[in-house]
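Per-entry structural report
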Protein chains: 2
Amino acid sequence: MAGGIGSRLWPLSTPDVPKQFIDVLGVGRSLIQLTVDRFAPVCAPDHFWVVTGEKYVNLVREQLPAIPADQILAEPEGRNTAPCIAYASWKIRKKDPEANIVVTPADALVLKTAEFAGAIGKALAFTEERDAIVTVGITPSRPETGYGYIHASEALPGQLVKVSEFREKPDLDTAIGYLEDGHYFWNAGIFVWNVNTIIRELSAYAPQIAGIMDQLEPSFFTSAETPELRRLFPTCDKISIDYAVMEKSPYIYVIAEDLGWSDLGSWGSIQTHLKADEDGNSAVGQDVRLFDCQNCIVHTSSEKTVVVEGLDGYIVAESKDRLLICRLSQEQHIKEYSA
Amino acid sequence: MAGGIGSRLWPLSTPDVPKQFIDVLGVGRSLIQLTVDRFAPVCAPDHFWVVTGEKYVNLVREQLPAIPADQILAEPEGRNTAPCIAYASWKIRKKDPEANIVVTPADALVLKTAEFAGAIGKALAFTEERDAIVTVGITPSRPETGYGYIHASEALPGQLVKVSEFREKPDLDTAIGYLEDGHYFWNAGIFVWNVNTIIRELSAYAPQIAGIMDQLEPSFFTSAETPELRRLFPTCDKISIDYAVMEKSPYIYVIAEDLGWSDLGSWGSIQTHLKADEDGNSAVGQDVRLFDCQNCIVHTSSEKTVVVEGLDGYIVAESKDRLLICRLSQEQHIKEYSA
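Throughout, a residue's number is its position along its own chain's written sequence, starting from 1. As a convention, the first chain written is A and the first ligand written is 1, with the rest following in written order. A pLDDT threshold of at least 70 governs which residues receive local features in this predicted model, and a stricter bar of 80 or more applies before side-chain atom pairs are shown or counted, although totals over entire chains, interfaces and linings include all residues. Hydrogens and water molecules were not included; the side-chain quantities draw on all heavy atoms of the structure.

**Points about the overall build of chain A**
Our working rule: Runs of H or I in DSSP of at least four residues are treated as helices and runs of E of at least two as strands, each being numbered from the N terminus. Residue exposure ignores everything except the shown protein chains as possible cover, and the areas themselves are Shrake-Rupley values with a 1.4 Å probe. We count Lys and Arg on the positive side and Asp and Glu on the negative side, and we leave His and both chain ends out. By convention, the charge on Lys lies at NZ, on Arg at CZ, on Asp at CG and on Glu at CD.
Helix and strand counts for chain A come out as 11 helices and 16 strands. Dimensions of chain A, computed from C-alpha atoms along their principal axes, come out at roughly 60 × 50 × 35 Å. Of the accessible surface of chain A, which amounts to about 14100 Å², a share of 49% is contributed by carbon and sulfur atoms. For chain A, the distance from the average position of its 30 positive side-chain charges to the average position of its 47 negative side-chain charges is 5 Å.

**Some words on unusual backbone geometry**
Backbone phi values are negative for most residues with the exception of glycine, while trans is the configuration of most peptide bonds. All names here are of chain A. Here is the rule we go by: Throughout, exposure labels follow a simple rule: accessible area from a 1.4 Å probe, protein chains only, divided by the maximum for the residue type, with under 20% read as buried, over 50% as exposed, and the rest as partly exposed.
Cis geometry marks the peptide bond from tryptophan 10 to proline 11; its omega dihedral reads 5°. Looking at the secondary structure, you find proline 11 in the segment before helix 1 (31-39). If you check the backbone angles, lysine 320 has positive phi at about 45° while not being a glycine. Within the element layout of this structure, lysine 320 appears in the loop between strand 15 (314-319) and strand 16 (322-327). On the accessibility criterion, lysine 320 (55% relative accessible area) is exposed.

**Notes on the pairing of strand 13 (residues 297-300) of chain A**
For a regular strand, side-chain orientation follows a simple rule: the groups alternate between the two sheet faces. All names here are of chain A. Selection criterion: At least two bridges found by DSSP between two strands is the condition for calling them paired.
The alternating pattern of strand 13 places Ile297 and His299 on one face and Val298 and Thr300 on the opposite face, and all of these are buried. Relative to strand 13, strand 11 (residues 282-284) runs parallel, the two being bridged by 3 bridges. Note on strand 13: the bridge partner recorded for alanine 283 is valine 298. Of the strand pairs in this sheet, strand 13 and strand 15 are connected by 4 bridges, and their pairing is parallel. Across the sheet, histidine 299 pairs through a bridge with alanine 317, a residue of strand 15.

**Here we look at the environment of B:Gly182**
Here B:Gly182 is to be found in the loop between helix 5 (172-181) and strand 8 (184-194). A sequence separation of 30 residues divides B:Gly182 from B:Ala152, and the C-alpha atoms of the two residues are 9.0 Å apart.

**As for the interface of chain A and chain B**
Spelled out, the test is: Note on definitions: a residue-residue contact is assigned when non-hydrogen atoms from the two residues lie within 4.5 Å. Summed over both partners, the accessible surface that disappears when two parts come together, traced with a 1.4 Å probe, is what is meant by buried area. Whenever a carboxyl oxygen of Asp or Glu lies within 4 Å of a side-chain nitrogen of Lys or Arg, that contact is scored as a salt bridge. Here a polar contact is taken to be a pair of N or O atoms separated by no more than 3.5 Å, where protein atoms must pair a possible hydrogen donor with a possible acceptor and residues adjacent in sequence count only if both atoms sit in side chains. When residues are sorted by character, Ala, Val, Leu, Ile, Met, Phe, Trp, Tyr, Cys and Pro go into the nonpolar class, Asp, Glu, Lys and Arg into the charged class, and all the rest, Gly among them, into the polar class.
Counting residues at the interface gives 28 residues for chain A, matched by 28 residues for chain B. In total, about 2300 Å² of surface goes out of reach between chain A and chain B, with carbon and sulfur atoms giving 52% of it. Applying the counting rule to chain A against chain B returns 6 salt bridges. Its salt-bridge partner being A:Asp292, residue B:Arg327 comes within 2.7 Å of it at the nearest N-O pair. Viewed at the interface, chain B and chain A are joined by 24 residue pairs in polar contact (both at pLDDT 80 or more). Elements with a contribution of two residues or more to the side of chain A that touches chain B: strand 12 (287-291), strand 14 (305-309), strand 15 and strand 16 of chain A. With 6 residues, the top contributor of residues to the side of chain A that touches chain B is strand 16 of chain A. Residues belonging to the side of chain A that touches chain B are distributed by class as follows: 14 nonpolar, 4 polar and 10 charged.

**Thoughts on the relation of the copies chain A and chain B**
In plain terms, the rule: The least-squares superposition of copies is restricted to C-alpha atoms, and to residues with a pLDDT of at least 70 in both copies.
Superposition record for chain A on chain B: RMSD 0.0 Å, screw rotation 180°, translation along axis 0.1 Å. These values place the two chain copies in the arrangement generated by a two-fold rotation axis. The overlap is high: 100% of the interface residues of chain A also sit at the interface in chain B, so the same surface is used on both sides.

Below you can see the structure in the form of structure tokens.
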């Protein structure tokens, strides 16, 4: 899933080139490229499918040339994750009626890639034999209020256990309680299932969307597909897969572990993954010069000479024709500042 | 004279496009265009001469299309103001052996343009009749330590009086003394003289430079001029007109007045000439958005959306592939930061 906008990371992430297509960490690979790299142990290049916005199809082709062109699916508009996953699932079934699928956001970071590949492998083995939905949980390292949580029936790291319930973003006290309890895991938005399982669940719990997919199916892989999709996809209910299926289906398991996962959804979360100098400054850019600065994150994506003097605890981010200077403590307002 | 670099105004002013070619104040005209505008009452467009670096000739042509191409003189390298003025003077004499000349930097600001034109008119009338050098003094408004001073024999605003002596940049106590004394004026680097006067003075006090100009003269306005100039100009003594002539000649007068003059040589001086909002912020740019900022100067010359949050007393300046964020109180270090 590579259709998001990443508005909290403005000006690095913009509607023209959102975060999944950007080398956020300055490592030479965009987040979607890092995501594909991470799945290499469990999936051949020609088995990847990308669902993205129409305007991003060329970016996907450029950044992921090994993925077959007809497996890059273009949403005419964003309708949240349920229609996105439905469209991919119906398409995949037409090519491979028994496909075992992992769904993942394209714009998150996983540091423990070996553990991650292990967990995904276990989940795939599980769904190959059972009619089940598996989610990936992340052992929380802090009482984070920005993520949804998965309440697991048992606390067995690296093992598949039943999900008791999904919980939305908690307040701080609740999040502290979750952390102490030990049965609550961050919901990374990663799902594993057989194509027939998810299609049956969508048909049961999101019949409006499933009906549109059934209507579209005859056009798949023909010249009629794009016009039909443009006509019908925007009429799909705009709903997340969590609301549509996860919170309703009884077949849900979780495999939870500390995977060094981050959604890289904010400047603060990016800062924690960048190397800092002895004054706590992190810099990505060709030529960033800091004088009397502490605890700053400086991110420049154009080729720039950047001189920053006398700042403590600031974001300085520059991208093409946009510039942000903002206290890290105020970053929740970036979306409104840049609107 | 349009050969300077303006290194204290980095990144607005750079060696590629120095400050005289930039719309520093966001008024739609570069400083050299404003300079030419200011002299319109006393000088026809085809009587302007510009001395600049070879790499800036095209910028001058673009910005000042009314100036004849052969009156845009290209220095092969900067050798300070004495060779610059000598070259222009020798060239002008060849076209107009009795020329009355005003020499001015291209990158300063004058707000009281009517008073300025009046003072220049008086000075030109004076040098038309007398073999004299006239300088323009600026009534100081503060004990500025960044300028040289002219010590006038009398304090008669708007009238021509003899210069007692030139003084270099003073320390603060001395500058305060000058301000109280009333006979000391800022040296704006503007000179008025007849072409024969300055050539005679240069021949007397800077014979090395004058000798080279005599050697160059036969080539003027021929195809031999550029190669000869490239060969000989770089051998001129690197010396200012102040050291070479002003401090030695006995024929020097000053006309001093409050002309609303500024050399716009620093971000602080630019800030004083920009409109400020109620929080003391000045902004030049297409789309500058300030949140919880005070006493800042924000200057963007590319088309940019700029968001600045939580700064007090800072310079934020962006130009093409360069960015500066620096406390105004530290601006004297910009030259080293950007080096």
